[in-house]
Amino acid sequence: MSGSHSDTLRWVRAACLDDLSDDDPIGIVVEGIEIALFRDGDRIFALSDRCTHGDAKLSEGYVEDGCIECPLHQALFDLATGEVRRGPAVEPVRAFNVQLDGDDIVVGL
Ligand code: FES
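Residues numbered from 1 in each chain as written. Predicted model: local features only at pLDDT ≥ 70, side-chain atom pairs only at ≥ 80, totals over all residues. Heavy atoms only, no water.

Looking only at helices and strands, one finds zero helices and 10 strands in the protein. Each helix and strand of the protein, placed in order from N terminus to C terminus, yields the pattern β-β-β-β-β-β-β-β-β-β. The C-alpha atoms of the protein give a radius of gyration of 13 Å, which matches the 13 Å a tight globule of 109 residues would have. Along the longest, intermediate and shortest principal axes, the C-alpha atoms of the protein span 40 × 30 × 20 Å. Considering the protein as a whole, with its 109 residues, one finds that 41% of them fall into the buried category. Long-range pairs, those at least 24 residues apart, make up 39% of the contacts in the protein between residues at least 6 apart in sequence. (Helix = DSSP H or I, 4+ residues; strand = E, 2+ residues; numbered from the N terminus. Rg over C-alpha atoms; globule rule 2.2 N^0.38 Å. Buried < 20%, exposed > 50% of the residue type's maximum accessible area, 1.4 Å probe, protein only. Contact = heavy atoms within 4.5 Å.)

Right, dumping it as structure tokens:
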């Protein structure tokens, strides 16, 4: 696992790959930080689990075309970068580095 000893990034085990299926994101709390995990086949994405537009959890939204749709007002965020793809949200959500260590999903904080 490269980068695991970086000063700026701590890699923390967040979940097991089996906990996560395509089209069914999960919300977890890692060291007090709410994180939404998404899976698209072999790819895993981690975003802040809080829409930047309002009080909604992205882990309760819908995955479509590499984006997550906010369940409240349907803003779209890019799963890989957290960028806004469609409003009403304006601010991107924080995207976390994520990697697999065996069957463990590990998030960089
Ligand atoms: Fe997410 Fe409004 S709370 S789009």
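This part takes up the side chain of D49. By the secondary structure assignment, D49 is in the loop between β4 (43-48) and β5 (62-64). With a relative accessible area of 0%, D49 lands in the buried category. A distance of 2.9 Å separates a polar atom in the side chain of D49 from the backbone nitrogen of L58. In this structure the side chain of D49 is engaged in a polar contact, spanning 2.8 Å, whose partner is the backbone nitrogen of S59. (Polar contact = N/O pair within 3.5 Å; in protein donor to acceptor, adjacent residues only side chain to side chain.)

Our focus in this paragraph is the nonpolar core. Counting 16 residues, the largest nonpolar core has I28, V30, I35, L37, I105, V107 and L109 as its most contacted members. Put simply, the parts of the chain that give this core at least two residues each are β1 (11-16), β2 (26-30), β3 (33-40), β4 and β10 (104-108). Grouped together as the second largest cluster of nonpolar side chains are 14 residues, A36, C51, A56 and L79 included. (Core = buried A, V, L, I, M, F, W, Y, C linked by side-chain atoms within 4.5 Å.)

Reading across from one edge, β5-β6-β7-β8 is the order of the four strands in this open sheet, with antiparallel pairing throughout. In this open sheet, the two strands that pair with only one neighbour each are β5 and β8 (84-86). Strand-to-strand twist of the sheet, defined as the mean angle between neighbouring strand axes without regard to direction, takes the value 35°. Sheet analysis places strand β7 (residues 76-78) next to β8, joined by two bridges and oriented antiparallel. Its bridge partner being in β8, L76 is matched across the sheet by R86. (Pairing = 2+ DSSP bridges. Axes fitted to C-alpha atoms, helices over the stretch in contact; angles between N-to-C directions.)

By themselves, these observations are geometric and do not establish any function.
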